[in-house]
Every structure is written in structure tokens, then in C-alpha cells.
Amino acid sequence: MSKFFYSINNNSISFKNNTLIWPSLTLGNIGQLTIDVLICSFEFKRIGFIVDENIIPIIGNDCFTTLDNNSGTMSTSIEVYQSSIFPSITIVQQRSPIVDGRIPNFSENLLKWINAEEIKEILFLSSSNANKRVDSQLMGSQVRFIKSENVDKNIVSKLNEMNISEMELIVQSPEGETIQLSNRLTGLAKEIYSTIISDCKYNVSFLCLNLFCSEGYNTNEALQMSNLIYNFIKNQDSPSTPQLRTPSCWKLLQGPTFDQSLFF
């Protein structure tokens, strides 16, 4: 396998026993927006990049620059962040899609890197269409989790304490028939999950938090997911309520406003 992760200034980075949080490129971009909030709110610093032939290369303006701190750092396809506030957490921001038909190739390279770095868990942040909910999903928390069998029982207990249920896979129809449902995983998350549960050579556990939503201006859902992630990863010394911040690039989510002079 060729080099997969490139650290800034070739610094030595440890990922041992970390939880790797990765955004799914799904409905409403909830995962990517949530990663933006986590980076801004909890002092996550960019430590490097993932470079792979299966990812479409892009480069763009700094997503987090403000007028007070005009660093002008360029953004790339996949960036990796760590924070001293949460030393056992590594987060990834993926801004570019995987090349069509190459998800299995990228998944294999990612899992090899995860194994080599001794990362203990990968946590996907995902979303799916609220229009396809079943009756039991209409009320209460709109987040569900999907997990591999090797996920620690304490993690499952914590999710249950946060009123997050496991994704429903079987329901009964009004006629009494048993209906098998999809686990809602798509793209990279689906490929990673399938590989982990079928191939014992990978030691990492899989967890996905999925939010039911509709396509649109999904910043509120991203803030909701960010608050949930904070409560999931916080330690005993952490404040009970996080102070969430949004990046400067969110001002451009809906494009520029209309020219008022057109109407006067």
C-alpha cells in the first residue's frame, strides 16, 4: 500500500486507540456540516491530509478564516484534525467524493491504514430521508445508531442513556407480516460496515449515527448532531453544555443575497 496519510511538516502523529469520526456524504450534508462545527467549537487543529487515487482532488479557500484571523490556509479533499480537549478523538473532513465505482478500493486502503495506526473505532456521521421513516421512528429522537458486533457494550449503554435507539431492521405490518428494513447505510459507510462484519482481520469497531432529515438548509440539524456528538465524547471534566460555533464559510451556504436596488 502506498502512503495514505501525510502529516503537516512530517510531524509524528499517534492515532493509537483513537475514535475516528468520519462524515458520510449523504442527504443534507449533515455529517460534513457537523464536522465543521466540531472543528470550530473544540479547538481541533489540522494535523495532516489523506491522499488517495480514489478521491477526486480539489483545492479551495480556507473554510475557517475570519476577518480577525485571515490565515488564508487552503482546503483540500480530505483533512485530518485532532484537539487537546479530546485527545482520544480524531476527526476527518471529507470535501470531495470518491471516484465513481472506486468505493471498495478506497475502503480497503482506509481500513489498512486504520489497522496499521491501531485506531480502535470508526464513527460515521450520516443522514437519511425522513420521508422513509416507519411509524416507530416518527416520534422521539430522530437519531438512530448502526453498529458492528464488536462495539463496546458501554458505548451502547451510553447511547441508550442519551435516548438514541438502534436502527429498526424489522417491523410488523398492520396485517401482521414481518417486514425487513434497510439499515440506511450508503456509500463508504456501507462498504466499511460490510467489510468489518465479514472480515475478522480488521480489529476496528464500526458505529454510525444516522439522523432522519429532509434536504434543505440543514444547519440546525448539524448543530443538533454536534451537540449530540459532544455529549457522546465528553469526559467528566467537560462542561455540561457546549458552546457551539459555526465557521465563516457558512455565510455562503445559500449564496449572496439579492440586490435590493432592483426593487426600488
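Here the structure is shown first, and the text comes after it.
Residues numbered from 1 in each chain as written. Predicted model: local features only at pLDDT ≥ 70, side-chain atom pairs only at ≥ 80, totals over all residues. Heavy atoms only, no water.

Enquirer: Sorry if this is basic, but what is going on with the overall build of the chain here?
Expert: Check the secondary structure of the chain and you find five helices and 13 strands. Computed over the C-alpha atoms, the radius of gyration of the chain is 19 Å, within 12% of the 18 Å expected from 2.2 N^0.38 for a compact globule of 264 residues. With the C-alpha coordinates aligned to their principal axes, the bounding extent of the chain is approximately 60 × 60 × 45 Å. Evaluated residue by residue, the chain yields a buried proportion of 46% over its 264 residues. Within the chain, counting contacts between residues at least 6 apart in sequence, those at least 24 apart form 74% of the total. Counting every atom, the chain has about 14300 Å² of accessible surface; 49% of that belongs to carbon and sulfur. (Helix = DSSP H or I, 4+ residues; strand = E, 2+ residues; numbered from the N terminus. Rg over C-alpha atoms; globule rule 2.2 N^0.38 Å. Buried < 20%, exposed > 50% of the residue type's maximum accessible area, 1.4 Å probe, protein only. Contact = heavy atoms within 4.5 Å. Areas by Shrake-Rupley, 256 points an atom, 1.4 Å probe, with all protein chains shown as cover.)

Enquirer: So what exactly am I meant to see when it comes to the packing of helix H3 (residues 153–161) against helix H5 (residues 219–233) here?
Expert: A packed helix pair is summarised by two numbers, namely the angle formed by the two axes and the spacing between the axes. Contact geometry of H3 with H5 gives a least axis separation of 10 Å together with a crossing angle of 135 degrees. Classified by the interaxial angle, the pair formed by H3 and H5 is oblique. Both H3 and H5 take part in a crossing whose hand is right-handed. Counted together, Ile 155, Lys 158 and Leu 159 of H3 and Asn 231, Phe 232 and Ile 233 of H5 form the full contact between these two elements. Of the residues contributing to the contact of H3 with H5, the split by class is four nonpolar, one polar and one charged. (Axes fitted to C-alpha atoms, helices over the stretch in contact; angles between N-to-C directions. Parallel < 35°, antiparallel > 145°, perpendicular 65-115°, else oblique. Left-handed = near helix turned anticlockwise from the far one by under 90°. Nonpolar A, V, L, I, M, F, W, Y, C, P; charged D, E, K, R; others polar.)

Enquirer: In this structure, what is going on with the pattern of salt bridges? I would like to understand it.
Expert: For side chains of opposite charge, pairing can occur when their charged atoms come near one another. Using the criterion set out here, one finds six salt bridges in the structure. Two residues, Glu 53 and Arg 102, come together in a salt bridge whose shortest N-O distance is 3.9 Å. Taken together, the residues Glu 53 in the loop between strand E3 (45–50) and strand E4 (59–60) and Arg 102 in the loop between strand E7 (89–94) and helix H2 (103–117) connect sequence positions 49 residues apart. The exposure class assigned to Glu 53 is exposed, which follows from its relative accessible area of 66%. Residues Arg 144 and Glu 168 are paired through a salt bridge, measuring 3.1 Å at the closest nitrogen-oxygen approach. Of the two residues, Arg 144 sits in strand E9 (residues 143–147) while Glu 168 sits in the loop between strand E10 (165–166) and strand E11 (170–172), which places them 24 residues apart along the sequence. For Arg 144, a relative accessible area of 3% puts it in the buried group. Here Glu 168 falls in the buried class, since its relative accessible area comes to 16%. Members of the salt-bridge network, linked through shared partners, are Arg 46, Glu 79 and Arg 95. (Salt bridge = Lys/Arg side-chain N within 4 Å of Asp/Glu carboxyl O.)

Enquirer: Explain the pairing of strand E8 (residues 121–129) to me, please; I cannot follow it from the model alone.
Expert: Counted residue by residue, E8 has eight buried out of nine residues, so it is predominantly covered. Judged from the five bridges that link them, strand E2 (residues 19–23) and E8 form a sheet pairing that is parallel. The residue of E8 that forms the bridge with Thr 19 is Glu 121. (Pairing = 2+ DSSP bridges.)

Enquirer: For this particular structure, what's the right way to read the packing of aromatic side chains?
Expert: This structure, assessed with the given rule, holds eleven aromatic pairs. Here Phe 4 and Trp 113 contribute two aromatic rings whose centre-to-centre distance is 5.8 Å and whose plane-to-plane angle is 40 degrees, an arrangement assigned as tilted. You can see Phe 4 sitting in the segment before strand E1 (5–7) and its partner Trp 113 sitting in helix H2, a full 109 residues away along the chain. The same class applies to Phe 4 and to Trp 113, which are both buried. Between Phe 124 and Phe 206, the aromatic rings sit 5.7 Å apart at their centres with planes inclined by 35 degrees, giving tilted as the arrangement. Of the two residues, Phe 124 is situated in strand E8 and Phe 206 in strand E13 (residues 205–213); the sequence distance between them amounts to 82 residues. We classify Phe 124 as buried; its relative accessible area is 1%. You can call Phe 206 buried: its relative accessible area is 0%. Taken together, the ring pairs in this structure connect Phe 4, Phe 5, Phe 15, Trp 22, Phe 106 and Trp 113 into an aromatic cluster. (Phe/Tyr/Trp six-rings, centres within 6.5 Å; stacked < 30°, edge-to-face > 60°.)

Enquirer: How should the environment of Tyr 230 be read in this particular structure?
Expert: Of note, Tyr 230 is situated in helix H5. Residues Tyr 230 and Thr 241 lie eleven residues apart in sequence; the distance between their C-alpha atoms is 8.7 Å. Once residues lying within four places of it in the same chain are set aside, the contact partners of Tyr 230 are Phe 42, Phe 86, Ser 238, Pro 239, Ser 240, Thr 241 and Pro 242. Polar side-chain contacts of Tyr 230 include one of 2.4 Å to the backbone oxygen of Pro 239. (Polar contact = N/O pair within 3.5 Å; in protein donor to acceptor, adjacent residues only side chain to side chain.)

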